[in-house]
Amino acid sequence: MSAERRAELEANLTAVQERIDAACAAADRPREEVELIVVTKFFPRSDLDLLADIGVRDIGENREQEASAKLADGGTPPGVRTHFIGQLQSKKAGAVARWADVVHSVDRTKLVGGLARGAERSGRELTVLLQVDLEEGGHGQRGGASPQDLPALADAVAGSPLRLGGIMAVAPLGADPDPAFARLERISHELREAHPEATWISAGMSADLESAVRHGATHLRVGTAILGTRPDRR
Ligand SMILES: *Cc1c(COP(=O)(O)O)cnc(C)c1O
């Protein structure tokens, strides 16, 4: 069973790597500019271990409790960086900072204190990305700060012990991702005028990674194309 699953993950990972190679070539970007984060939410700890074994170095989770439980069971696999990509409640910020290396979903200043305290308490360096809402008119259902609120949010992170890594977004549901990711890239350029260190653009999932690579994504978050369709938990 585990040998079968391993072979399946390996084949899917190779296929996704080939898509990224092709997307980088088409966009005339060096392949090393783009990192792959494998999103393991809803899948068991055994898959994390298999992925680590076949060379995956970055995994993403979107629920604090699920991730803590998986990582408590044996610790984070050696050499693997953990990314929190889900919507974050303030009261969970400290808990996330205990295990995450990168939090992609900081969308309000209220989260900064809790994350900074949690990271400090566990003696970790925490990188955070500012999540941007790309829905036209704002107030999308997938979280994110509106672009006009980003400068203040960036200043709050930069003034804290957290490391400001860059920005993150999810393409609007049911719309062409290209204009949304093009806008995200412009937002990133603006942000870097005040915060040159904030170079990461976390964008692109299983269905739209090519579009994200075309528009400067540095980190892709891919789940389904590697692990398969998520089991329905509800
Ligand atoms: C689940 C999730 C992904 C991965 O999506 P797939 O379509 O399964 O590749 C990426 N980003 C976020 C924020 C997610 O919640």
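A brief structural summary. The shown structure was predicted, so the numbers you read here are calculated from the model rather than taken from an experiment.

Some thoughts on the side chain of Asp208
Relative to the assigned elements, Asp208 resides in the loop between strand 7 (200-202) and helix 8 (209-214). Buried charge without a partner: Asp208 forms no salt bridge, and the closest opposite charge is Arg221, 6.8 Å away. Among the polar contacts listed, one links the side chain of Asp208 to the backbone nitrogen of Met205, at a separation of 2.6 Å. Not counting residues within four places of it along the chain, the set of residues in contact with Asp208 comprises Ala171, Pro177 and Phe181.

Thoughts on the site of the ligand
Val39, Lys41, Ile85, Met168, Met205, Ser206, Arg221, Val222, Gly223, Thr224 and Arg230 make up every residue found near the ligand. Lys41 is positioned such that a nitrogen or oxygen atom in its side chain is 2.7 Å from an oxygen atom of the ligand. For the ligand, an oxygen atom lies 2.5 Å from a polar atom in the side chain of Ser206. When grouped by side-chain class, the residues that make up the shell around the ligand number five nonpolar, three polar and three charged.

Overview of the nonpolar core
Within soluble globular proteins, side chains that are nonpolar generally end up buried alongside one another. One finds Val103, Leu115, Leu126, Leu130, Leu184, Leu220 and Ile226 to be the most contacted residues of the largest nonpolar core, which totals 65 residues. In terms of residue count, helix 1 (residues 2-27) provides more of this core than any other element does, six residues in total. Excluding its chain neighbours within four sequence positions, the residues that come into contact with Ile226 are Leu9, Asn12, Leu13, Val16, Leu36, Val38 and Leu51. With five residues, the next largest nonpolar core counts Val102, Met168, Val170 and Trp200 among its residues.

Looking at unusual backbone geometry
Of all residues except glycine, most have a negative phi; of all peptide bonds, most are trans. A positive phi is found at Asp28, a non-glycine position, where the angle reads about 55 degrees. Secondary-structure assignment places Asp28 in the loop between helix 1 and strand 1 (35-39). Classification of Asp28 as exposed rests on a relative accessible area of 72%. We note that Phe42 has phi near 75 degrees; this positive angle belongs to a residue other than glycine. Mapped onto the elements of the fold, Phe42 is located in the loop between strand 1 and helix 2 (45-53).

Regarding the pairing of strand 3 (residues 81-84)
Bridge count for strand 2 (residues 58-61) against strand 3 is four bridges, and the pairing is parallel. Looking at the pairing, Asp58 lines up with Arg81 of strand 3. For the handedness criterion, the β-α-β arrangement of strand 2, helix 3 (residues 64-72) and strand 3 is classed as right-handed. Two elements, strand 3 and strand 4 (residues 102-106), share two bridges in a ladder whose sense is parallel. Within the sheet, the bridge partner assigned to Phe84 lies in strand 4 and is Val103. Remark: the strand 3/helix 4 (residues 93-99)/strand 4 crossover connection has right-handed handedness.

What about the packing of aromatic side chains?
In this structure the tally under the stated criterion is one aromatic pair. Residues Phe84 and Trp99 carry aromatic rings whose centres are separated by 6.0 Å and whose planes lie at 70 degrees to one another, so their mutual orientation is edge-to-face. With Phe84 in strand 3 and Trp99 in helix 4, this residue pair connects regions lying 15 residues apart in the sequence. By relative accessible area, Phe84 is classed as buried at 1%.

Topic: the side chain of Arg29
Along the polypeptide, Arg29 turns up in the loop between helix 1 and strand 1. Within the structure, the side chain of Arg29 is placed 2.9 Å from the backbone oxygen of Ala217, a separation counted as a polar contact. With sequence-adjacent residues up to four places away left out, Arg29 is seen in contact with Cys24, Val34, Val213, Gly216, Ala217 and Thr218.

A look at the pattern of salt bridges
A full pass over the atoms with the stated rule returns 14 salt bridges. With a closest N to O distance of 2.8 Å, Arg19 and Glu210 form a salt bridge. Separated by 191 residues along the polypeptide, Arg19 in helix 1 and Glu210 in helix 8 bring together distant segments of the chain. When the shortest N-O distance is used, the salt bridge between Arg124 and Asp101 registers 2.9 Å. Separated by 23 residues along the polypeptide, Arg124 in the loop between helix 5 (110-121) and strand 5 (127-131) and Asp101 in the loop between helix 4 and strand 4 bring together distant segments of the chain.

Calculation rules
Residues numbered from 1 in each chain as written. Predicted model: local features only at pLDDT ≥ 70, side-chain atom pairs only at ≥ 80, totals over all residues. Heavy atoms only, no water. Helix = DSSP H or I, 4+ residues; strand = E, 2+ residues; numbered from the N terminus. Buried < 20%, exposed > 50% of the residue type's maximum accessible area, 1.4 Å probe, protein only. Lys, Arg positive; Asp, Glu negative; His and termini not counted. Salt bridge = Lys/Arg side-chain N within 4 Å of Asp/Glu carboxyl O. Polar contact = N/O pair within 3.5 Å; in protein donor to acceptor, adjacent residues only side chain to side chain. Contact = heavy atoms within 4.5 Å. Near = heavy atom within 4 Å. Nonpolar A, V, L, I, M, F, W, Y, C, P; charged D, E, K, R; others polar. Core = buried A, V, L, I, M, F, W, Y, C linked by side-chain atoms within 4.5 Å. Pairing = 2+ DSSP bridges. Right-handed = clockwise from strand over helix to strand, strands pointing away. Phe/Tyr/Trp six-rings, centres within 6.5 Å; stacked < 30°, edge-to-face > 60°.

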